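Given next are the chains, with one letter for each unit.
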Amino acid sequence: MIRVRQIKIKVLEDSIQRLIEEVSKKLRISSSDISSYQIKKQSLDARKKDAIFYIYEVDIKTEKEKEILKRNHSKDIFKAPKEEYQLQKTGEKSLKNRPIIVGSGPAGLFCAYLLAEHGYYPLIIERGEKIEDRIKTVETFWKEGILNTESNVQFGEGGAGTFSDGKLNTLVKDAFFRGKKVFEIFVECGAPKEILYLQKPHIGTDLLRNVVRNMREKIKEMGGEFRYNTCLTDIKITDERVEEIEVNHQEKIPCDCLVLAIGHSARDTFQMLYKKKIQMENKPFAVGVRIMHPQKMIDESQYGKMSQYLPPASYKLTYQTEKGRGVYSFCMCPGGYVVNASSEKGHLAINGMSNHNRDSENANSALVVTIGPKDFGKDPLSGILYQKKLEEKAYQVGNGRIPIQLYKDFCENKTSVSPKTVIPIMKGQYIMSNLNEVLPSEIKEAIKEAMPVFGKKISGYDREDALLAAVESRTSSPVRIVRNERLVSSVEGIYPCGEGAGYAGGITTAAIDGVKVAEKIAQTYKSEETV
Ligand SMILES: Cc1cc2nc3c(=O)[nH]c(=O)nc-3n(C[C@H](O)[C@H](O)[C@H](O)COP(=O)(O)OP(=O)(O)OC[C@H]3O[C@@H](n4cnc5c(N)ncnc54)[C@H](O)[C@@H]3O)c2cc1C
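Residues numbered from 1 in each chain as written. Predicted model: local features only at pLDDT ≥ 70, side-chain atom pairs only at ≥ 80, totals over all residues. Heavy atoms only, no water.

1. With respect to the sheet that holds strand S7 (residues 225-227)
By definition, the strands of a sheet pair up through backbone hydrogen bonds, in either a parallel or an antiparallel sense. Using the following cut-off: Only strands joined by at least two bridges in the DSSP assignment are considered to pair. Put simply, DSSP marks the helices as runs of H or I at least four residues long and the strands as runs of E at least two long, and each gets a number from the N terminus on. Between the N-to-C directions of two axes lies an angle of 0 to 180 degrees, each axis being a line fitted to C-alpha atoms and, for a helix, fitted only over the stretch in contact.
Here we have 5 strands laid out as an open sheet, ordered S7-S6-S5-S11-S24, and parallel in their pairing. The outermost strands of the open sheet, each flanked by one partner alone, are S7 and strand S24 (494-496). Across this sheet, the average inter-strand angle for adjacent strands is 20°, counted without regard to direction. Of the strand pairs in this sheet, strand S6 (residues 123-125) and S7 are connected by 3 bridges, and their pairing is parallel. Bridging across to S7, leucine 123 finds its partner in glutamate 225.

In structure tokens, the structure reads:
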């Protein structure tokens with residue numbers, strides 16, 4: 001195959017026929033010489049609003065490959081490289097018990113998938129419900145406010161990312177094609193094929209649920225086992241090595257290989273691990289609000305009059321305050337919903353979600369401010385306490401509902417009465433409030449300083465009737481469980497994994513970390529197949 005890069009096609013002329021014409025022109029062959037093609041990348045260049053292009057990278061098959069490569073001088077034309085993922089199974093130690101994976105979020109699921117695929121018969125324990133039941137539980141919470149602290153937007157099969165926009169983009173370099181493997185598994189399990197080549201791939205919560213279900217079924221077919229409503233509550237450690245786990249405060253399960261893929265919201269589990277003296281440290285993260293604007297306004301700002309021919313636009317904004325704090329947009333959801341993502345009674349946290357079509361009227365994004373040990377202290381769990389205090393405040397100010405406010409009133413420290421042109425599009429009950437009563441001064445002052453700057457970058461971003469909601473507190477894990485180069489914690493046999501352990505931020509990087517941990521297990525232990 002020959003790889004051809006930098007194929008520019010005007011948005012209004014975009015078609016496969018046009019793409020093949022441009023590729024054959026670049027290779028100086030006729031379209032009929034191309035026997036097959038595969039799109040490797042598609043990105044959008046919208047720097048000039050009156051000249052917006054799709055940029056393609058394509059692999060093509062042609063009889064004329066040798067001739068083309070011989071006369072070629074362009075750096076955009078070359079032999080397509082071999083890009084295959086491979087897991088090295090070099091482990092020699094025997095496992096007494098099958099590996100146990102705690103948590104079925106992206107990290108746990110992809111670790112389980114790889115281990116099952118290579119004959120390790122993993123047991124996956126999940127404190128929340130299987131996805132079919134979890135969906136009903138979450139819908140009830142959003143409609144009636146009845147929170148199940150074990151099965152909610154954070155906890156349950158599929159993990160935190162299930163009720164999300166399912167954005168998969170990551171800046172992580174993919175030298176060993178782990179990311180490619182993750183995307184291929186997503187597609188095998190029902191995700192749309194275009195995620196394999198889009199610059200900003202997303203699945204959407206409506207499709208993600210099926211992907212999670214299909215992935216579970218595949219893992220079971222390959223010998224994995226799932227146990228739901230099963231919470232890791234204790235660990236028995238002998239001679240600095242894991243020997244047994246306890247679930248649901250009663251049942252003991254022998255264990256010599258334990259993957260902790262527990263996510264950033266498992267505060268009781270962090271507490272238990274801390275008491276067990278498993279080495280942990282706190283880490284900086286960010287907190288703030290979620291802001292809503294009409295999606296149309298964002299589309300026009302990003303694409304001008306071409307917006308009608310393009311999918312809903314996204315944006316990324318950053319700013320550094322005079323005091324040196326970072327303020328940035330995070331987890332932007334085009335055509336999405338602001339959701340109540342709480343997991344603890346008396347505490348309120350929000351996040352964002354979209355369906356695959358991103359078809360709601362609103363764009364929303366977290367607008368967050370960086371915080372660190374100087375804000376919450378040095379103790380490993382002090383970041384969690386900072387989060388809890390914020391969420392408690394949000395719960396009280398909203399009286400259990402999501403507190404929202406007009407931007408103008410936020411600046412004037414006045415409680416809002418009703419929305420104006422921007423309509424709240426939310427999952428979960430909400431109430432007009434004054435977010436100045438929720439946010440500590442360092443957070444609200446930083447947001448107020450940044451907004452006029454953002455308003456210059458995106459026209460109308462700081463409009464008076466933009467809606468703010470609070471509190472966005474779980475942007476990443478406030479804790480890191482220390483691990484060595486074998487990805488093992490301070491206790492032998494325990495593998496901290498994914499976002500909760502402090503080694504990922506988002507669905508794709510969590511999944512890739514799950515793959516990495518599976519690799520390390522396969523490089524240490526023999527699989528059942530090889531026993
Ligand atoms: C509403 C929302 C929208 C998001 N949108 C996006 C997005 O669009 N794109 C993106 O990249 N990221 C998004 N994220 C972040 C993303 O979901 C996380 O980064 C990712 O899910 C982390 O994966 P993980 O497997 O490490 O942990 P998690 O997905 O958090 O999974 C951890 C799992 O462990 C289980 N668990 C915890 N403690 C125990 C225990 N003691 N015993 C048994 N099981 C336990 C939990 O129930 C959970 O299912 C979003 C998050 C939320 C909440």
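2. Quick notes on the state of the cysteines
Rule in force here: Cysteine sulfur pairs qualify as disulfides if the two atoms are within 2.5 Å. Whether a residue is buried, partly exposed or exposed follows from its accessible area with a 1.4 Å probe, protein chains only, as a fraction of its type maximum: under 20%, in between, or over 50%, in that order.
Using the criterion set out here, one finds 0 disulfides in the structure. You can see cysteine 255 has no disulfide; the closest cysteine sulfur is in cysteine 257, sitting 6.7 Å from it. What makes cysteine 255 buried here is its relative accessible area of 0%. What makes cysteine 257 buried here is its relative accessible area of 0%.

3. What about the nonpolar core?
For the record, the criterion: Buried residues of nine kinds, namely Ala, Val, Leu, Ile, Met, Phe, Trp, Tyr and Cys, make up a nonpolar core once their side-chain atoms join them within 4.5 Å. Whether two residues touch is decided by their heavy atoms; if any such pair falls within 4.5 Å, the residues are in contact.
Of all hydrophobic cores here, the largest spans 71 residues; its most connected members are Val23 and Tyr461. Counting residues per element, this core draws most heavily on helix H12 (residues 441-457), at 6 residues. Ignoring any residue separated from it by four or fewer positions in sequence, one finds valine 23 in contact with Val4, Ile7, Ile34, Val58 and Ile60. Counting residues in each nonpolar core, the second largest holds 63 residues, with Leu109, Val211, Cys257 and Ala511 among its members.

4. Overview of the side chain of asparagine 282
In this structure, asparagine 282 sits in strand S12 (residues 280-282). Once residues lying within four places of it in the same chain are set aside, the contact partners of asparagine 282 are Pro373, Phe376, Gly377, Lys378, Asp379, Pro380, Ser382, Pro478 and Val479.

5. Some points on the site of the ligand
We count it as follows: Put simply, a residue is near a molecule or strand once any heavy atom of it comes within 4 Å of that molecule or strand. For the purposes of these results, a polar contact is taken to be a pair of N or O atoms within 3.5 Å, where, inside protein, one atom must be able to donate a hydrogen and its partner to accept one; residues adjacent in sequence count only when each atom of the pair is a side-chain atom. Note on areas: Shrake-Rupley, 1.4 Å probe, and residue coverage restricted to the protein chains presented here. Polar here means any residue other than Ala, Val, Leu, Ile, Met, Phe, Trp, Tyr, Cys and Pro, which are nonpolar, and Asp, Glu, Lys and Arg, which are charged; Gly is therefore polar.
In the region of the ligand, 37 residues are neighbours, and Glu126, Lys167, Leu232, Glu499 and Ile507 sit closest. Here an oxygen atom of the ligand sits 2.5 Å away from a polar atom, N or O, in the side chain of glutamate 126. Here an oxygen atom of the ligand sits 2.9 Å away from a polar atom, N or O, in the main chain of alanine 160. Calculation on the ligand without its partners gives an accessible area of 990 Å², and the protein chains cover 96% of this total. Those elements that provide at least two residues to the shell around the ligand are helix H3 (106-117), strand S17 (350-354) and helix H13 (507-524). Classifying every residue of the shell around the ligand gives 16 nonpolar, 16 polar and 5 charged.

6. A few points about helix H6 (residues 205-221)
To keep things clear, this is the line we draw: By this rule the span expected of a helix is its residue count minus one, scaled by 1.5 Å. Directions are taken from the helix axis to each C-beta atom, and the arc is the one they span.
The first and last C-alpha atoms of H6 sit 25 Å apart over 17 residues, in line with the 24 Å expected at 1.5 Å per residue. Listing the buried residues of H6 in full gives Thr205, Leu208, Arg209, Val211, Val212, Met215, Arg216 and Ile219. All buried residues of H6 project into a common sector of 165° when viewed along the axis, lining one side. Contact partners of the buried residues in H6: H3, S6, helix H4 (131-144), helix H5 (178-188), S7 and S17. Positive backbone phi, approximately 105°, marks glycine 223, located one or two places after H6.

7. Some thoughts on the pairing of strand S22 (residues 467-472)
Extensive coverage of S22 is indicated by the burial of 6 of its 6 residues. Here strand S13 (residues 285-294) pairs with S22 via 4 bridges, running antiparallel. Counterpart to arginine 290 in the pairing with S22 is alanine 469. Bridge count between strand S19 (residues 402-406) and S22: 3 bridges; the pairing is antiparallel. From the neighbouring strand, glutamine 405 faces S22, where its bridge partner is leucine 468.

8. Looking at unusual backbone geometry
That bond from alanine 470 to valine 471 is cis: its omega, 5°, falls within 30 degrees of zero. One can find valine 471 in strand S22. The backbone phi angle of phenylalanine 177 is positive, close to 60°, even though this residue is not glycine. By relative accessible area, which is 21% here, phenylalanine 177 ends up partly exposed. Even without being glycine, leucine 487 reaches a positive phi, approximately 65°. One can find leucine 487 in the loop between strand S23 (479-481) and S24. Since its relative accessible area comes to 11%, leucine 487 is described here as buried.

Note that every value here comes from positions in space, so none of it alone points to a role or purpose.
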